[in-house]
Amino acid sequence: AYDLRMAGQHNQPLEKIARRSDDQEDELLSIQIMKNGRKVVCGSGEGVLSIFSWGTWGDVSDRFPGHPASVDALLPVDQETLLTGSSDGLIRVVQIHPNKLLGVLGDH
């Protein structure tokens, strides 16, 4: 396994990297695999959930804005529902595909 952020550095040749995503223009802070392994959800520094389709690592397949601050933690409830921990201090309940904010669970 290679740390893609370090590609081309520390004597790690680029030709050894199998997949690389497009530049996301934001820091990805948390990650969770959802939808029976078909979707990868990443929380970002700008409060957007970036959703990738497994195996298609170019650009995101969907973006779900809605958090006013960074999304630092993701915890699955089931294959369609996540709890998100944001730096605004709130824990939200979010549904993935269809993307929907279900509510605020509490604060942390």
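## What about the overall build of the protein?
Of regular secondary structure, the protein possesses zero helices and eight strands. Of the regular secondary structure in the protein, the N- to C-terminal order runs β-β-β-β-β-β-β-β. Each of the 108 residues in the protein was classed as buried or not, and the buried ones make up 37%. Sequence-distant contacts, at least 24 apart, represent 29% of the contacts inside the protein between residues at least 6 apart. A total accessible area of about 6,600 Å² is found for the protein, and carbon and sulfur atoms account for 50% of it.

## Thoughts on the environment of Lys-100
Along the chain, the position of Lys-100 falls in strand β8 (residues 100-107). When its relative accessible area of 48% is taken as the criterion, Lys-100 is described as partly exposed. Between the C-alpha atom of Lys-100 and that of Phe-64, which follows or precedes it by 36 residues, the distance is 8.5 Å. Discounting residues that sit within four places of it in the chain, Lys-100 has contacts with Phe-64, Val-93, Val-94 and Gln-95.

## Looking at unusual backbone geometry
A cis amide bond links His-97 to the next residue, Pro-98, at an omega of 5°. Although it is not a glycine, Lys-35 adopts a positive phi angle of roughly 55°. Along the chain, Lys-35 turns up in the loop between β1 (28-34) and β2 (39-44). Located in the positive-phi region is Asn-36, a residue other than glycine, with phi close to 55°. Tracing the backbone through its elements, the reader meets Asn-36 in the loop between β1 and β2. In this structure Asn-36 comes out as exposed when scored by relative accessible area, which is 61%.

Cut-offs used in this document
- Residues take numbers from 1 onward in each chain, read along the sequence in its written order.
- The predicted nature of this model means local features are confined to residues of pLDDT at least 70 and side-chain atom pairs, given and counted, to a pLDDT of 80 or more, with totals for whole chains, interfaces and linings taken over all residues.
- Only hydrogens and water are set aside; all other atoms, that is, all heavy atoms of the structure, feed into the side-chain values.
- By definition, any uninterrupted DSSP run of H or I lasting at least four residues is a helix, any uninterrupted run of E lasting at least two residues is a strand, and each is numbered from the N terminus.
- Type-normalised accessible area, obtained with a 1.4 Å probe on protein chains alone, sets the label of each residue: buried when under 20%, exposed when over 50%, and partly exposed for intermediate values.
- It only takes one pair of heavy atoms within 4.5 Å for two residues to be counted as in contact.
- Residue-level accessible areas treat just the shown protein chains as cover; the underlying method is Shrake-Rupley with a 1.4 Å probe.

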